[in-house]
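Geometric and topological summary
Now for the letters of each chain:
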Amino acid sequence: MRSQQGFTLLELVLGIAISSFILAATFFLLHNGLLTQKHNFTQERLFNEGRQTINAVANELRQATVTDVSADGKTLSYTTHASRGAKAKRISLDAAGQALYIDDLSQTPTVRTTYAAGLLHETSRIAQNDRMVELSLYVSGNVNGTTRTLSFQTMVLTGPLL
């Protein structure tokens, strides 16, 4: 009887084929996992930027008196009524810069706070009806080669409570 000394060619080819299949499946699963993580991260970023922007504007306007909303719905001028005195401010939606700006006009030079930089969609608008201000924000970003847009809307009753 002869003792075996190693593997036959058929056993080696079969072992390499099975190993290749397992490696390809593992790569496929890891690749899809990374794509999903990137997608979720981008979606979360868009959501957080939109939510933060809406909250900042709502907080600004709750105790403010609106003085003017531009005809194109891109600029809102208002005065805040804080315990430290009134401050003139402006909210502007910049289509070119794709951002929302809150400018404190009572300071020299004007202090500008930027929200949703590079993400704000050009269809975002501000509207006013008496003391009610409606803000419609559309935040866009690229997710796996596809542009995703999230919509945020809020209505804020402005001015001090009577």
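Above this text you will find the structure in question.
What this report covers is the structure whose coordinates are included nearby. Numbering of residues starts from 1 in each chain and follows the order in which that chain's sequence is written. Local features in this predicted model are restricted to residues of pLDDT 70 or higher, and side-chain atom pairs are both shown and tallied only at a pLDDT of 80 or more, whereas totals for entire chains, interfaces and linings draw on every residue. To get the side-chain values, take all heavy atoms of the structure and skip hydrogens and water.

A word on the pattern of salt bridges. Each reported salt bridge corresponds to a side-chain nitrogen of Lys or Arg within 4 Å of a carboxyl oxygen of Asp or Glu. Scanning the model with the defined rule gives four salt bridges in all. Across the salt bridge formed by Lys87 and Asp104, the nearest N and O atoms sit 3.9 Å from each other. Linking Lys87 in strand β3 (residues 85-94) with Asp104 in strand β4 (residues 99-104), this pair joins segments that are 17 residues apart in sequence. On the basis of relative accessibility, which here comes to 26%, the residue Lys87 falls in the partly exposed class. Put simply, Arg90, Asp103 and Arg112 are held in one network by salt bridges that share partners. Secondary structure follows DSSP: runs of H or I at least 4 residues long count as helices, runs of E at least 2 residues long count as strands, and numbering of each begins at the N terminus. Type-normalised accessible area, obtained with a 1.4 Å probe on protein chains alone, sets the label of each residue: buried when under 20%, exposed when over 50%, and partly exposed for intermediate values.

Now for the packing of aromatic side chains. Two rings from Phe, Tyr or Trp (for Trp, the six-membered ring) form a pair when their centres sit within 6.5 Å of each other. Planes less than 30 degrees apart are called stacked, planes more than 60 degrees apart edge-to-face, and all others tilted. By the definition in use, this model includes one aromatic pair. Pairing Phe47 with Phe152 gives two aromatic rings, centres 5.9 Å apart and planes at 45°, and the pair type is tilted. Within this pair, whereas Phe47 is found in helix α1 (residues 9-62), its partner Phe152 is found in strand β8 (residues 146-157), the two being separated by 105 residues in sequence. Overall, Phe47 belongs to the partly exposed group, its relative accessible area being 42%. Here, a charge over a ring means that NZ of Lys or CZ of Arg falls within 6 Å of the ring centre while also lying within 35 degrees of the ring normal. A cation over an aromatic ring shows up here: Arg112 above the ring of Tyr101, its NZ or CZ 4.0 Å from the ring centre.

What makes two strands pair is DSSP finding at least two bridges between them. Pairing in this open sheet of three strands is antiparallel, and the strands run β6-β7-β8 from one edge to the other. Every other strand in the sheet has two partners, leaving β6 (125-129) and β8 as the edge strands with one partner each. When the angles between neighbouring strand axes are averaged without regard to direction, this sheet yields 15°. Here β6 pairs with strand β7 (residues 132-143) via five bridges, running antiparallel. Its bridge partner being in β7, Gln128 is matched across the sheet by Val133. Where helices are involved, their axes are fitted lines through C-alpha atoms of the stretch in contact, as for all axes, and angles between N-to-C directions lie from 0 to 180°.

Before going further, it helps to examine the environment of Ala24. Considering the arrangement of structural elements, one finds Ala24 in helix α1. Residues Ala24 and Thr114, spaced 90 residues apart in sequence, show a C-alpha to C-alpha distance of 45 Å.

This paragraph deals with the nonpolar core. Counting residues in each nonpolar core, the largest one holds 27 residues, and the members touching the most others are Leu61, Leu76, Tyr78, Ile91, Leu100, Ile126 and Leu137. Counting only elements with at least two residues in this core, the list comes to α1, β1 (64-69), β2 (75-82), β3, β4, β7 and β8. A per-element tally of this core places α1 first, with six residues. In this analysis, two residues are considered to be in contact whenever any of their non-hydrogen atoms come within 4.5 Å of each other. Discounting residues that sit within four places of it in the chain, Leu76 has contacts with Leu61, Val66, Asp68, Val69, Lys89, Arg90, Ile91, Ile126 and Val133. Buried Ala, Val, Leu, Ile, Met, Phe, Trp, Tyr and Cys residues that are joined via side-chain atoms within 4.5 Å together make up what is termed a nonpolar core.

These figures capture arrangement, not role.
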